[in-house]
Protein chains: 2
Amino acid sequence: MSNDRLIYLALGGAGEIGMNCYVYGYGRPGKERLIVVDLGVAFPDMDTSPGVDLILPDISWLIERRDQIEAVFITHAHEDHVGAVAHTYEQLKAPIYARAFTANIARRKMDEHGHPKDAVQVVSAWPEQVQGGPFSVGFLPMSHSIPESSSMVIDSPDGRVVHSGDFKLDETPLVGEPFDPELWADVCKDGVKALVCDSTNVFSRNPGRSEATIGPDITKLIQSASGMVVATTFASNVARVKTLAEAGERAGRSIVLMGRAMKRMVEAAIETGVLTDFPPVVQPEDARSVPRENLMLLVTGSQGERRAASAQLARGKYQGIEMKEGDLFLFSSKTIPGNEKGVIRIINAFSEQGVDVVDDNDGLYHVSGHANRPDLERLASIVNPQVLIPMHGEHRHLREHVKIANGNGMTGVLAVNGMMVDLSGNQPKIAEYIETGRTYLDGTVQIGAMDGVVRDRIRMALNGHVVVTVIMDDEDEPLGDPWCEVMGLPETGSSKTSLVDVLEADLGQWLGRAGAKTLRDDAKLNDGLKRVVRQSALNEIGRKPEVTIVVSRLS
Amino acid sequence: MSNDRLIYLALGGAGEIGMNCYVYGYGRPGKERLIVVDLGVAFPDMDTSPGVDLILPDISWLIERRDQIEAVFITHAHEDHVGAVAHTYEQLKAPIYARAFTANIARRKMDEHGHPKDAVQVVSAWPEQVQGGPFSVGFLPMSHSIPESSSMVIDSPDGRVVHSGDFKLDETPLVGEPFDPELWADVCKDGVKALVCDSTNVFSRNPGRSEATIGPDITKLIQSASGMVVATTFASNVARVKTLAEAGERAGRSIVLMGRAMKRMVEAAIETGVLTDFPPVVQPEDARSVPRENLMLLVTGSQGERRAASAQLARGKYQGIEMKEGDLFLFSSKTIPGNEKGVIRIINAFSEQGVDVVDDNDGLYHVSGHANRPDLERLASIVNPQVLIPMHGEHRHLREHVKIANGNGMTGVLAVNGMMVDLSGNQPKIAEYIETGRTYLDGTVQIGAMDGVVRDRIRMALNGHVVVTVIMDDEDEPLGDPWCEVMGLPETGSSKTSLVDVLEADLGQWLGRAGAKTLRDDAKLNDGLKRVVRQSALNEIGRKPEVTIVVSRLS
């Protein structure tokens, strides 16, 4: 019997939505040859990661095994799947494979970071397969909310694994390949060891709707509008962008694309041939001469991002265009949890301008890109795997998906980031627990989420910061009084005099009473002065600030 | 003709949801006698107000006119209506009127802050009226999600104004008075000058459902549970707490109340007689001896608050009780926008414990406390006011509500915080624009939202903080090298050596080259050193930090 094993390991994406990174390995334990599926990012927020630019999966485990990595495969061009390719390229230096549209986007990222574009290689759709050590890997077309999304068909000496990637079952997706149940049945007919499956919409009970269902309502809406129409959606949802543009065209409007991502995505889709027959567009600088009732803008910023086109229009002019009373703004999108306040801020700003805002509350103008529960069950029944491993979900999604799999007679495995699953043999088992986490891209530096840097920022934001400077002369006596600088704290507190004065007085008093032993000892001075500031501030303003003590010795 | 006028002015709550504070005045312009309706708070968040404890309306306008204030009326005991009574009492020193349950809660707040409880006076329901200068004010019972909610009937020499407060039209609210359309018709039969009206649910198109409709589904759910059941809702929703407790009792479970607010609210409701026949409760310390399948906990924390009972159970033990696989957790509540991530965090933590979480996705276990669009229309048709002024809503809500009013043949007035409406004469008009804003309760200090304190905290959180200390000798020459303390920044950057070392070297170099004029001038030194740090950090770590320069002169 072989000692080789087939393993699955999520480094990101299983137990959270975002920063997808999955590893498959085959070989002797510890010596497996590895392939990586997706290298995505997640987005920071003020609550947990203020000042951070991007969140990457912690790929230390992969970096330590760089020699074992055969290749990286990218399922599709969403940021949470492709966003980290350039940031991790130096560390992994593995060839990257993707289909044409995805590769186009990935190469732009590589180029921006000064990496060779040809590190990203274009692969055709199934039945083409790429050899990666013991693996043969194919890109099986699948429908989603971006062109050329693919499921990975991963053949190993221990059998076939299907990694769904993000998907919905859309047989009329408008742009890109429809879901083809017969092709899928054929690919899976000889048995599938494991289906590793998207779980995003596991709690949605009705079958998903096709992209084709919303065009008529959008057209009707635009035709009924009397002023300028502005619509936003994820720029990468090329089918939606096309639907919106065609609806605008049908209503006799000139189409204007606004926002960097909007232009980049349409450009990539046209370059790679996935988008054809896109209505002619007018440049923003020419749009000003078009009567506003004949204009339709397609803009970035469906999630309320502060710097996107939608937010700039909400604040005033963007590229010379501004909204007016009677205009219509359409969110052809769903608000991702956590972005509600940003989106609502924009809606209220438009309201102040007299703009009518239409969102997706009724499901008329948006459909999800992910498979709902009945669709998940349908795919599982087509693939009919021995084992189903849910991915792309928070813990609650994975757990529910496992329940469904078990309820349908499959073996569901709940494996979050770091839980290595051994798929060899008849029964999957957790083989190892790997330490995983998050890496922050912070400015130009990658730091560990647990390094304390961001924790200190959060503390300063919650508590303010006091800096105390003391100069000690060459006889270890204080030279003059200590002084304070405060940042992020009220100027005055309960005693109605300046907080800085109160702190300095208390510090001076304490220093005056401190013994020679304390004055000679930096650690003791530091502790003592800190305690004084925190207690004094607590009395004055009711909070204990962060404190930095700077002791300068002239000796 | 009289020179007196009747005015309406929102200082909080019109253009936002939260910190309600409305003013009515009657008299000669600038000399009006004033009454205040509600003194509420809003809640801070990390994005806009890190470290802040509570947000109060800026009542400077009222403080400047303290002598003109006759009284404060509180419509109901939700924090966004009563939360600021104690924080503003010293500044206003006006008598506060409320019905018994609301007064009970308000008095607890006054007591906690060392203010006299009897500043809060209990008023009976309509037809009792309180005289406040030229006003006679009555508490007209109205249904909402807390006992004894009332609309204010405000009689002035210029006619009757009805201030709805928060409301829904519930004729079977289970606890508290049902909405009584006949009483309302009678109150309004002689004509109403203005209806100032809740707008929260203006976008909800179906009629609201009664509190009585959800009991059966909740009972069914609890009866089907095999482990311990834990349910959360707003503690102040006494009717819901009772519904949940009765459902638990019916399922043969002992009821345990957990969380400070839960106990306080039930206590206040029993003390004031609005809650009767509440099932017997078991103390948390006794609950451990009850088999878990016979337990039902009612806990605080429906919005994912980190310190509430639900979050503590999600993290582990709370008061000796912990959740286990097979237990059920019910959110009998709606998540307020902005709280999604906190709630989801708890759901995932329960998922990791194997607990089944049920929320309100299907509307089976929660109904809103606010009137939907058809209910707003129904109330307006009963009141039949000359003017409708929407309140308690963001701009988008107010605007939509005005549209509905105008569509129904009324005169709708869009007046956000600070827009004083003159209701005298036949046509309402905006009489003045008052500066309004937010006051932060920060520790024990009240600071203005625009004072820069919180802005500095946000900057430190986004950019980190570098503190530079330089000592200048008595000849204005640097004594030794400058040194840096950094907080919230990566330790190393592009040059792979310590960031502090790089910054100190660059600062030293700059100082070495600085001329005598610069070295003598604190402002120039400060600017120069700051620029060095920001540029050097940008090169090293790709970001410009906040910088504090401390120059100590021995001269």
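Everything below is about the structure shown above.
Every residue gets a number counted from 1 within its own chain, in the order that chain's sequence is written. For naming, the first written chain is A and the first written ligand is 1, with later ones following in the order written. Owing to the predicted nature of the model, reporting of local features is limited to residues with pLDDT of at least 70; listing and counting of side-chain atom pairs is limited to 80 or more, with chain, interface and lining totals taken over all residues. Excluding hydrogens and water, the side-chain figures rest on all heavy atoms present in the structure.

S.K.: So what's going on with the pattern of salt bridges? Residues and values would help.
M.R.: Note that side chains of opposite charge can pair when their charged atoms are close. One speaks of a salt bridge when a side-chain nitrogen belonging to Lys or Arg is within 4 Å of a carboxyl oxygen belonging to Asp or Glu. A full pass over the atoms with the stated rule returns 61 salt bridges over all chains. A salt bridge links A:Asp186 to A:Lys189, with the nearest nitrogen and oxygen atoms 3.2 Å apart. On the basis of relative accessible area, A:Asp186 is assigned to the partly exposed category, the value being 43%. A single network of salt bridges, built from pairs that share partners, joins A:Asp53, A:Asp442, A:Arg457 and B:Arg543. For every residue, the accessible area obtained with a 1.4 Å probe (protein chains only) is divided by the maximum for its type, and the residue is called buried under 20%, exposed over 50%, and partly exposed between those limits.

S.K.: I'd love a proper account of the relation of the copies chain B and chain A, names of residues and values included.
M.R.: In this comparison the copies share one frame, found by least squares on the C-alpha atoms of residues holding pLDDT of at least 70 in both. Each copy superposes on the other: chain B lies on chain A with an RMSD of 0.0 Å after a rotation of 180 degrees and an axial shift of 0.0 Å. Interpreted geometrically, this transformation is the action of a two-fold axis. Identified as the residue of chain B closest to the rotation axis by C-alpha distance is B:Ala461, at 2.7 Å. Between two residues, a contact is recorded if the distance between any of their heavy atoms is within 4.5 Å. Take the interface residues of chain B: 100% of them recur as interface residues in chain A, which is what a same-surface contact looks like.

S.K.: An account of the packing of aromatic side chains is needed here, citing residue identities and associated values.
M.R.: Residues and elements named next belong to chain B. Note on aromatic pairs: the rings of Phe, Tyr and Trp (six-membered ring only in Trp) are paired at centre separations within 6.5 Å, and the planes decide the class, stacked below 30 degrees, edge-to-face beyond 60, tilted for the rest. Scanning the model with the defined rule gives 14 aromatic pairs over all chains in all. Pairing Tyr-8 with Tyr-24 gives two aromatic rings, centres 5.5 Å apart and planes at 55 degrees, and the pair type is tilted. On the criterion of sequence distance, the pair formed by Tyr-8 in strand E1 (residues 5–12) and Tyr-24 in strand E3 (residues 21–27) is long-range, its members being 16 residues apart. Summarising the burial analysis for this pair, Tyr-8 and Tyr-24 share the class buried. Helix numbering and strand numbering both begin at the N terminus, where a helix is a DSSP run of H or I of at least 4 residues and a strand a DSSP run of E of at least 2.

S.K.: Lay out the side chain of B:Gln68 with the relevant residues and their values.
M.R.: Summarising the element assignment, B:Gln68 is placed in the loop between helix H1 (60–64) and strand E6 (69–73). Residue class for B:Gln68 comes out buried when judged on its relative accessible area of 14%.

S.K.: Please set out the interface of chain B and chain A residue by residue, giving values where relevant.
M.R.: Taken together, the contacts link 63 residues of chain B with 63 residues of chain A. Here's the idea: put two parts together, see how much 1.4 Å probe accessible area each one loses, and the total over both is what we call buried area. Together, the buried faces of chain B and chain A total about 5,300 Å²; carbon and sulfur atoms form 60% of this surface. Counting the contacts that link chain B with chain A gives ten salt bridges. A:Asp45 is paired through a salt bridge with B:Lys341; the nearest N and O atoms lie 2.6 Å apart. Mapped by element, the contributors of at least two residues to the side of chain B that touches chain A are helix H11 (340–352), helix H13 (395–407), strand E25 (445–448), helix H14 (453–463), strand E26 (465–472), strand E27 (483–487), helix H17 (522–541) and strand E28 (546–553) of chain B. Gly is put with the polar residues, along with every residue not named as nonpolar or charged; the nonpolar set is Ala, Val, Leu, Ile, Met, Phe, Trp, Tyr, Cys and Pro, and the charged set is Asp, Glu, Lys and Arg. The class makeup of the residues in the side of chain B that touches chain A is 26 nonpolar, 17 polar and 20 charged.

S.K.: Mind laying out the pairing of strand E4 (residues 33–37) of chain A, listing which residues take part and the relevant values?
M.R.: Residue and element names in this part refer to chain A. Within E4, four of the five residues are buried, leaving the element largely enclosed by the surrounding structure. The rule for pairing is simple: two strands pair if DSSP sees at least two bridges between them. Sheet topology note: the strand E3 (residues 21–27)/E4 ladder contains five bridges and is antiparallel. Directly across from Tyr-24, in E4, lies its bridge partner Ile-35. The loop that links E3 with its antiparallel partner E4 comprises five residues; one of these, Gly-30, has a positive phi angle of about 85 degrees. The pairing of E4 with strand E6 (residues 69–73) spans four bridges and is parallel. The residue bridging Val-37 from the neighbouring strand is Phe-73, located in E6.

S.K.: Which residues make up unusual backbone geometry, and what are the values?
M.R.: In terms of backbone geometry, most residues other than glycine have negative phi values and most peptide bonds are trans. Residues and elements named next belong to chain A. Looking along the chain, the bond that leaves Trp-126 and enters Pro-127 is cis, with omega of 20 degrees. Mapped onto the fold, Pro-127 is located in the loop between strand E8 (120–122) and strand E9 (129–132). The phi torsion at Gln-319 lies on the positive side, around 50 degrees, for a residue other than glycine. Locating Gln-319 in the fold gives a position in the loop between helix H10 (309–315) and strand E17 (328–331).

Taken by themselves, the reported measurements are silent on function.
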